[in-house]
Amino acid sequence: MNPDLDLGLERIIRAPRATVWRAWTDPSRLEQWWVPAPSRCRVDRLDLRPGGAFVTRLSDDGAEFVPHLDACFLAVDELERIVFTNAIDSAWRPASPAPVPMTATITLNDHPDGTDYRIVVRHGDPEARAHHEKLGFAEGWGTVTGQLAALTESMAPR
């Protein structure tokens, strides 16, 4: 991780890695945690393969859904890693997404208490990184990671 360009987050999720993976790869589960509550998410496309589409919509009122993310998966290593970017859209066209172009790497590793969950979000320049941090990267990504943990931990066998 380059501290001048990247932002990161890590958390131990008290659920098996396969459960966390399913929460990322099953659209109905992803919709339950991908945007900060009380907003709601709709998954339009989740083609989990390199070059596959990752398209979601967001609703603040539960009625009208507006575009949220139009991205492309770069790498998918089952049960281990997901890499996507919004700098290329789902049709493989260069994009200029708001608020910032980024590439996110999510890694899952076994941990004695469940899953070691790590996120690294890469930016093209220090200004984009600073802008993303100022907009609330830690709060936003932290919130959805907390929601992911709550969902998967509730599904984990006791």
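Residues numbered from 1 in each chain as written. Predicted model: local features only at pLDDT ≥ 70, side-chain atom pairs only at ≥ 80, totals over all residues. Heavy atoms only, no water.

A.B. asks: What exactly am I supposed to notice about the nonpolar core here?
C.D. replies: Soluble globular proteins tend to pack their nonpolar side chains together in the buried interior. By size, the foremost hydrophobic cluster in this structure holds 34 residues, and its most contacted members are Trp24, Trp33, Trp34, Phe54, Phe84 and Tyr117. Among the elements of the structure, β1 (6–13), α1 (17–25), β2 (40–46), β4 (66–77), β5 (81–85), β6 (103–111), β7 (114–122) and α4 (137–155) are those that each provide at least two residues to this core. Broken down by element, the residue count for this core peaks at six residues, all from α4. Sequence-distant contacts of Tyr117, defined by excluding residues within four places in its chain, comprise Leu9, Glu10, Arg11, Ile13, Val20, Trp24, Trp33, Ile106, Thr107, Leu108, Thr145 and Leu148. (Core = buried A, V, L, I, M, F, W, Y, C linked by side-chain atoms within 4.5 Å. Buried < 20%, exposed > 50% of the residue type's maximum accessible area, 1.4 Å probe, protein only. Helix = DSSP H or I, 4+ residues; strand = E, 2+ residues; numbered from the N terminus. Contact = heavy atoms within 4.5 Å.)

A.B. asks: Can you help me understand the environment of Val20 in this one?
C.D. replies: With respect to the helices, strands and loops of the structure, Val20 is situated in helix α1. With relative accessibility at 0%, the residue Val20 sits in the buried group. Between the C-alpha atoms of Val20 and Val121, which are 101 residues apart in sequence, the distance is 19 Å. The residues contacting Val20, other than those within four sequence positions of it, are Ile13, Ala15, Leu108, Thr115, Tyr117, Leu148 and Thr152.

A.B. asks: For this particular structure, what's the right way to read the packing of aromatic side chains?
C.D. replies: Here the distance between the centres and the angle between the planes together describe a pair of aromatic rings. The tally for this structure, following the rule as stated, stands at twelve aromatic pairs. Their ring planes at 75° and their centres at 6.1 Å tell us that Trp34 and Phe84 sit as a pair that is edge-to-face. Taken together, the residues span a long stretch of sequence, with Trp34 in the loop between α2 (27–30) and β2 and Phe84 in strand β5 at a distance of 50 residues. By the ring-pair criterion, three or more aromatic residues cluster together here, those being Trp24, Trp33, Trp34, Phe54, Phe73, Phe84, Phe137 and Trp141. The residue whose ring lies beneath Arg42 is Phe65, and the NZ or CZ to ring-centre distance is 3.9 Å. (Phe/Tyr/Trp six-rings, centres within 6.5 Å; stacked < 30°, edge-to-face > 60°. Lys NZ or Arg CZ within 6 Å of the ring centre and 35° of its normal.)

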